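Here's the letter readout for the chains.
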Amino acid sequence: MAERIDINHELMLDGNATAGLLYEIFGVEMTASPTECAHCGNQGEIGDLLAFTQGPGIILRCPACGNVTLRIVQTPEAIFLDARGAVYLRLSR
Ligand SMILES: [Zn+2]
């Protein structure tokens, strides 16, 4: 693992802390939605991801390997969602 995640543990929240923003983006409750890490294959709920919210955007990392699963950056005009770290996101109908 090239990235060091241990130094930021005091800034870490769990994914539930981002529930409001995820609801705003997807229009459905997302914290109980399953997802799979594209790096290590760990499967879990979005609410189980490790959230880092102190930076310019929000980073959600895999709790098993530390891979960045989701990256969300908000600007006045748009929300940018980088989900390349997830094999999939599941949105309930
Ligand atoms: Zn992982």
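The preceding data block contains the structure.
Residues numbered from 1 in each chain as written. Predicted model: local features only at pLDDT ≥ 70, side-chain atom pairs only at ≥ 80, totals over all residues. Heavy atoms only, no water.

Here we take up the sheet that holds strand 2 (residues 34–37). Reading across the sheet, the 3 strands line up as 3-2-8 and stay open at both edges, with antiparallel pairing between neighbours. Of all the strands in the sheet, the pair left with one neighbour each is strand 3 (43–45) and strand 8 (86–89). Taken over all neighbouring pairs, the strand axes of this sheet differ in orientation by 25° on average, direction set aside. Pairing between strand 2 and strand 3: 3 bridges, direction antiparallel. Note on strand 3: the bridge partner recorded for P34 is E45. (Pairing = 2+ DSSP bridges. Helix = DSSP H or I, 4+ residues; strand = E, 2+ residues; numbered from the N terminus. Axes fitted to C-alpha atoms, helices over the stretch in contact; angles between N-to-C directions.)

A word on the pairing of strand 6 (residues 68–74). The pairing of strand 5 (residues 58–61) with strand 6 spans 4 bridges and is antiparallel. Looking at strand 6, one finds that L60 is bridged to L70. Counting the residues that bridge the hairpin from strand 5 to strand 6 gives 6 residues, and of these G66 lies at a positive phi of roughly 85°. Looking at chain direction, strand 6 and strand 7 (residues 79–82) are connected through 4 bridges and run antiparallel. Pairing of Q74 across the sheet is with I79, part of strand 7. Hairpin connection, strand 6 to strand 7: the antiparallel pair is bridged by 4 residues.

Positionally, T69 belongs in strand 6. Among the residues examined, T69 registers a relative accessible area of 1% and is labelled buried. (Buried < 20%, exposed > 50% of the residue type's maximum accessible area, 1.4 Å probe, protein only.)

Attention now moves to the coordination of the zinc ion. Ideal coordination angles are 109.5 degrees for a metal with four donors arranged tetrahedrally and 90 or 180 degrees for a metal with six donors arranged octahedrally. Around the zinc ion, the protein contributes the donor atoms C37 (SG), C40 (SG), C62 (SG) and C65 (SG), at 2.3 to 2.4 Å from the metal centre. Taken together, the 4 donor atoms coordinating the zinc ion span angles of 106 to 112° at the metal, a pattern that classifies the geometry as tetrahedral. Going along the chain, you hit the donors of the zinc ion in the pattern C-x2-C-x21-C-x2-C. With C37 in strand 2 and C62 in the loop between strand 5 and strand 6, this pair connects stretches of sequence that are 25 residues apart. As far as burial versus exposure is concerned, C37 and C62 are alike and both buried. (Donors = N, O, S within 2.8 Å, 3.2 Å for Na, K, Ca; no water. Tetrahedral: all angles 85-135°; square planar, octahedral: opposite > 155°, others 65-115°.)

Counted under the stated rule, the structure contains 2 salt bridges. Where R71 meets D82, a salt bridge forms, and the shortest distance between an N and an O atom there is 2.6 Å. Taken as a pair, R71 in strand 6 and D82 in strand 7 lie far apart in primary sequence, 11 residues in all. Assessed through its relative accessible area of 31%, R71 is described here as partly exposed. On the accessibility criterion, D82 (18% relative accessible area) is buried. Through salt bridges with shared partners, one network takes in R71, D82 and R84. (Salt bridge = Lys/Arg side-chain N within 4 Å of Asp/Glu carboxyl O.)

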